[in-house]
Amino acid sequence: MAIPIRYVFIAVFFLALFFVTFRLSNLSLTLGTFSPTVPADSSQDTDTLTLSDFTPSVSSDARERANATFIILCRNSDLDGVIQSVQSAEDRFNREYNYPYVFLNEEPFDEQFKRRISVLSNAQMEFGIIPHDHWYAPSWIDEQKAADARKKMEEDKVIYGGSLPYRNMCRFNSGFFFRHPLLQKYRYYWRIEPWVRFHCDVPSDPLRFMQDYNKTYGFTISLYEFQATIPSLWDRVKEYARAHPDTLHPNNALGFISDDTGSSYNLCHFWSNFEIGDMDFWRGETYTSFFEFLDRAGGFYYERWGDAPVHSIAAALFLPRNSIHFFNDIGYEHPPFTHCPIDKQRWASGRCSCNPDTSFDYDGYSCLRRWEALDDQ
């Protein structure tokens, strides 16, 4: 018995539809784009909390500290800059809280450094040496290839392009600082570098804020990375994402770091010389796997991958976006950029010494507008 012609047309139509759908699906995978789930209630991701409004939980004493420490990576030659930074942190915040400090160096701190730093605070201070394997290039790095890359970057006048110590530092901050023995007893950290200033009184405890509101990563300044330092980084990120799609959080902040759902990186990152964070995230299985994948790729040495884009990409992809917090209340300067609260009441109540008119927040090179735009998505 002959098959009616209309059934033939229907069969052909569904086969064609299946073929087109299959091709589009594979095209998306080939491009490496991500398709984050849009939250049903986008208001859940609006980060409107501020330190000024923060009141510690009723069940805890107002002066009960979080399990946290300051971390300062520095050398003996950074003494004057470290003194400035610690004094500023003490004057604007820590004199009231006495959070401990951990100073880390790839070489032993000398007695003069420890003596002059120790008088600046009543807080506990510990001085540690970075393990050799955490600081220097791993065995799989081709030293000649890495040296050739540094020479080329130096010739191209890429910032820190010829520096091997800078690359060691970026790799250490990306994947090892939270593994240091002196930090194992802590969960939260506040990263400080030499020659920074805190321009406003910190109105409450940002470390307790992170703990009580389940925040994972905090920043004050965001900006664009130099493309010449990370030419292959995003390709490696997409490789990892395709191999581990389950690691991408459905309510992530992909929109902050990509304008085309993941096909390319827009270079935005959180400036990591200021970080307040939860080390359990860096110590976790997802970030450990991600860092080790990048480390094997060699880009910390064959290019000049910084810890700022590495941390930022990981936070944006693997965390819910409402666990990342912009600390607007904390006036902070790391030359050449300053974040200064532009709200007049916050600026006045914080006795801020910075000029709101020169705050980097909405400079053309700042990414803060992109971060704030996530609330509208």
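Read on for a plain summary of the structure. By convention here, each chain's residues receive numbers from 1 onward along its written sequence. A pLDDT threshold of at least 70 governs which residues receive local features in this predicted model, and a stricter bar of 80 or more applies before side-chain atom pairs are shown or counted, although totals over entire chains, interfaces and linings include all residues. Excluding hydrogens and water, the side-chain figures rest on all heavy atoms present in the structure.

### Observations concerning the sheet that holds strand 5 (residues 197–198)
Part 1 of the argument: If you walk across this open sheet you meet the three strands as 5-11-12, and the pairing is antiparallel. Here the strands that pair on one side only, and so sit at the sheet edges, are strand 5 and strand 12 (337–339).
Part 2 of the argument: Pairing between strands is defined by DSSP: at least two bridges between them are needed. Secondary structure follows DSSP: runs of H or I at least 4 residues long count as helices, runs of E at least 2 residues long count as strands, and numbering of each begins at the N terminus. As paired strands, strand 5 and strand 11 (residues 332–334) are joined by two bridges and run antiparallel to one another. The residue of strand 11 that forms the bridge with Phe 198 is Tyr 332.

### Quick word on the packing of helix 2 (residues 79–94) against helix 3 (residues 111–118)
Part 1 of the argument: Between N-to-C directions, angles span 0 to 180 degrees; the directions come from axes that are lines fitted to C-alpha atoms, helices contributing only their stretch in contact. Two elements in contact, helix 2 and helix 3, have axes whose closest approach is 10 Å; the angle formed by their N-to-C orientations is 20°. Classed by the angle they form, the pair helix 2 and helix 3 counts as roughly parallel. Read as a crossing pair, helix 2 and helix 3 show a hand that is right-handed. Within the contact between the two elements, helix 2 uses Leu 79, Asp 80, Val 82 and Ile 83 and helix 3 uses Gln 112, Phe 113, Arg 116 and Ile 117. By the definition adopted for this analysis, an angle is roughly parallel if under 35 degrees, roughly antiparallel if over 145, roughly perpendicular if from 65 to 115, and oblique otherwise. In this scheme the crossing of two helices becomes right-handed for a clockwise turn of the near helix relative to the far one and left-handed for an anticlockwise turn of less than a right angle. Working rule for contacts: check all heavy atoms of both residues, and any pair within 4.5 Å makes them a contact.

### Concerning the sheet that holds strand 4 (residues 188–192)
Part 1 of the argument: Taking strand neighbours across the sheet as the criterion, the seven strands line up as 3-2-1-4-9-6-10 in an open arrangement whose pairing is mixed. For this open sheet the edge positions go to strand 3 (125–129) and strand 10 (324–326), each flanked by a neighbour on one side alone. Shown here is a sheet whose adjacent strand axes are inclined to one another by a mean of 20°, direction ignored.
Part 2 of the argument: Bridge analysis of strand 1 (residues 68–73) against strand 2 (residues 101–105) gives four bridges, and the strand direction is parallel. Within the sheet, the bridge partner assigned to Ile 72 lies in strand 2 and is Phe 103.

### Concerning the side chain of His 134
Part 1 of the argument: Tracing the sequence through the fold places His 134 in helix 4 (residues 132–135).
Part 2 of the argument: Each residue touching His 134, except ones within four places of it in the same chain, is listed here: Arg 171, Phe 172, Phe 176 and Arg 179.

### What to know about the packing of aromatic side chains
Part 1 of the argument: In this scheme Phe, Tyr and Trp rings, the latter by its six-membered ring, pair at centre separations within 6.5 Å, and the angle between planes marks the pair as stacked below 30 degrees, edge-to-face above 60, and tilted otherwise. Scanning all chains against the criterion turns up 47 aromatic pairs.
Part 2 of the argument: On the numbers, 6.1 Å between centres and 90° between planes, the contact of Tyr 217 with Trp 282 is edge-to-face. Residue Tyr 217 is located in strand 6 (residues 217–219), and its partner Trp 282 is located in helix 10 (residues 279–283); the two are separated by 65 residues in the primary sequence.
Part 3 of the argument: Exposure remark for Tyr 217: the relative accessible area of 1% places this residue in the buried category.
Part 4 of the argument: Judged by its relative accessible area of 1%, Trp 282 is buried.
Part 5 of the argument: Taking the ring centre of Tyr 99 as reference, the NZ or CZ of Arg 65 above it sits at 5.5 Å. Only protein chains enter the accessibility calculation, which uses a 1.4 Å probe. A residue is then buried if its area is under 20% of the maximum for its type, exposed if over 50%, and partly exposed in between. Any Lys NZ or Arg CZ that is within 6 Å of a ring centre and within 35 degrees of that ring's normal is treated as a charge sitting over the ring.

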